[in-house]
Amino acid sequence: MTNLLKDKFPVLYTVSETVHEMLFILDHERRIVFFNRQFADFAENNQLNPATGLRPGDVFRCVNALENADVCGATKFCRYCGAYQAITAALTDTERHIEECRITAENGTAYDLKVSTSRITIEANEFTLFCVLDTSSENRKQALEKIFFHDINNLAGGLSLIVDFIDSYAKKDDIEAIKETTPLLTGAMSSLNNELRSSYMLALAEKDELDLREEPCDITKALVSVASFFKETTPDKNITFVIENDREETIINTDENILKRVTTNMTKNAVEASGEEDTVIMGSRVTNDRLIIYVQNNSVMKEETKASIFQRSFSTKGMGRGLGTYSMRLLTERYLKGAIYFSSTEETGTVFYIELPLSLSGR
């Protein structure tokens, strides 16, 4: 196809090599028959495979297609993919289609893409012109800023309100009221510190600047610590935390700070999905020299949520809120050398699992 464009469609070829977007030409089976220099450079910088004959999700190493041993466009998740929607729409009409697309690659890298498609005819054959603009850096910056300032602003407002209560009680010399309000202040401060640490860790992780520190970690104590944090910071829900373990003591060599950050996010999601006086189950077990940690709540996800759960900008809580599950996957797979997955059914509710080696160094 490259030689054909050079010889018979030189204008199209020159434009494709000049534009800033990554440009592909796809055949009727959505397979790539041509890609431009911009994608070749992008692929080299991101360890992708710039090959013809593949579909877009395959060259971007989309985790949904690869994990299901299937090809781009044939998994149950594809119908929610903006790229797939734009490409299939171009096969049926001559209009230009523009969509947002989020792809999580097998190495944990998340791509935020703006895609557009148009149908073109080359030597009496129909093809799809597929243009891709990588907006990951811009979206990442915006998402981090929105989430950080949103959460910090909420926590600061809560702290200010609690301090006002304590001040009014102090003026009345109401010592008992002050004693009852102090735990709320402690919980709010803990939440503030937690959000600051979480945002800082994610920012370092995305830039590959997060340092690992391997040390013995008592899993039961780690889970108890996380449960205690949420008991302290979410007293209004009165959630019961149950901790299950298959042995009295389980100690692995890992980075405890990163592990606790992942389990904190797992538990935060479970708490937010739970109603008042619900139960959240946290536990661990060792299987085939691997540690499995799980967090379960009674809610059930929608199919669309299941398909997009680990993408950076997806969230059921609104635009720019989807970094929790994304950071869980990033930290687990890239830094803890583990795997993360979930199930969500009427029978079991929603359960998130992380599977880790017993030692980061393999010793």
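Basis of the calculations
Residues numbered from 1 in each chain as written. Predicted model: local features only at pLDDT ≥ 70, side-chain atom pairs only at ≥ 80, totals over all residues. Heavy atoms only, no water. Phe/Tyr/Trp six-rings, centres within 6.5 Å; stacked < 30°, edge-to-face > 60°. Helix = DSSP H or I, 4+ residues; strand = E, 2+ residues; numbered from the N terminus. Buried < 20%, exposed > 50% of the residue type's maximum accessible area, 1.4 Å probe, protein only. Patch = residues over 30% accessible without salt bridge, like charges linked within 9 Å, V, L, I, M, F, W, Y side chains within 5 Å. Areas by Shrake-Rupley, 256 points an atom, 1.4 Å probe, with all protein chains shown as cover. Salt bridge = Lys/Arg side-chain N within 4 Å of Asp/Glu carboxyl O. Lys, Arg positive; Asp, Glu negative; His and termini not counted. Charge placed at Lys NZ, Arg CZ, Asp CG, Glu CD. Core = buried A, V, L, I, M, F, W, Y, C linked by side-chain atoms within 4.5 Å. Contact = heavy atoms within 4.5 Å. Pairing = 2+ DSSP bridges. Axes fitted to C-alpha atoms, helices over the stretch in contact; angles between N-to-C directions. Polar contact = N/O pair within 3.5 Å; in protein donor to acceptor, adjacent residues only side chain to side chain. Expected span 1.5 Å × (residues − 1).

**Q** It is not clear to me how the packing of aromatic side chains should be interpreted in this structure. Could you clarify?
**A** Two descriptors summarise a pair of aromatic rings, namely the distance from one centre to the other and the angle between the planes of the rings. Applying the stated criterion across every chain, the model contains 13 aromatic pairs. Geometrically, the ring pair formed by F42 and Y111 is tilted, given 5.7 Å between the ring centres and 55 degrees between the ring planes. Highlighted residues: F42 in helix 3 (residues 37-45) and Y111 in strand 4 (residues 110-122), separated in sequence by 69 residues. Each member of the pair, F42 as well as Y111, is classed as buried. Centre to centre, the rings of F60 and Y111 are 5.7 Å apart; their planes meet at 70 degrees, and the pair counts as edge-to-face. Residue F60 is located in the loop between helix 4 (56-59) and helix 5 (63-67), and its partner Y111 is located in strand 4; the two are separated by 51 residues in the primary sequence. Here F60 matches Y111 in class, with each residue buried. Among the aromatic residues, those joined into a ring-pair cluster are F24, F35, F39, F42, F60, Y111 and F130.

**Q** Honestly, a negative patch on the surface in this entry has me stumped. Any pointers?
**A** Side chains of D173, D174, E176 and E180 sit close together on the surface and give a patch of like negative charge. Within the secondary structure, E176 is located in helix 8 (residues 175-206).

**Q** So what exactly am I meant to see when it comes to the nonpolar core here?
**A** Nonpolar side chains tend to gather and get buried jointly when the protein is soluble and globular. By size, the foremost hydrophobic cluster in this structure holds 40 residues, and its most contacted members are L210, I219, F241, L259, M282, L331 and I354. Broken down by secondary-structure element, the contributors of at least two residues to this core are helix 8, helix 9 (219-233), helix 10 (256-273), strand 9 (279-287), strand 10 (290-297), helix 12 (324-335) and strand 12 (349-357). With seven residues, the top contributor of residues to this core is helix 9. Contacts of L259, omitting those with residues within four sequence positions, involve C217, I219, T254, I293, L336, I354 and L356. M22, F35, F39 and F42 belong to the second largest nonpolar core, which has 23 residues in total.

**Q** Where do I start with the pattern of salt bridges in this structure?
**A** When their charged atoms lie close together, side chains carrying opposite charge are able to pair. Counted according to the given criterion, the structure contains eight salt bridges. Of the charged contacts in the structure, one is a salt bridge between E29 and R31, with a shortest N-O distance of 3.5 Å. Given a relative accessible area of 37%, E29 falls into the partly exposed group. A salt bridge links R329 to E333; its shortest N-O distance comes to 3.2 Å. A residue pair is termed a helical-turn pair when its members lie 3 or 4 positions apart in one helix, as R329 and E333 do in helix 12 at four residues. By relative accessible area, R329 is classed as buried at 5%. For E333, a relative accessible area of 21% gives the class partly exposed.

**Q** Is there a simple way to explain the sheet that holds strand 4 in this structure?
**A** Spatial strand order, 2-1-5-4-3: five strands in an open sheet with antiparallel pairing. The outermost strands of the open sheet, each flanked by one partner alone, are strand 2 (32-35) and strand 3 (97-104). Strand after strand, the sheet turns through a mean of 30 degrees between neighbouring axes, direction not considered. Both strand 1 (residues 22-26) and strand 2 contribute to a ladder of three bridges, which runs antiparallel. Considered in strand 2, the bridge of F24 is made with F35.

**Q** Quick question: what am I supposed to make of the side chain of T264 here?
**A** Within the fold, T264 resides in helix 10. A distance of 2.6 Å separates the side chain of T264 from the backbone oxygen of K260, its partner in a polar contact. Leaving out residues up to four positions away in the same chain, T264 has contacts with N194, V226 and F230.

**Q** Sorry if this is basic, but what is going on with helix 9 here?
**A** Residues three or four positions apart in an α-helix share a direction because the helix packs 3.6 residues into each turn. Helix length check: helix 9 (15 residues) gives 21 Å between terminal C-alpha atoms against 21 Å at 1.5 Å per residue, within 8%. Those residues of helix 9 not exposed but buried are I219, T220, A222, L223, V226, A227, F229, F230 and T233. Where helix 9 begins, one side-chain oxygen reaches toward the backbone nitrogen of T220, 3.1 Å away; that side chain belongs to D218.

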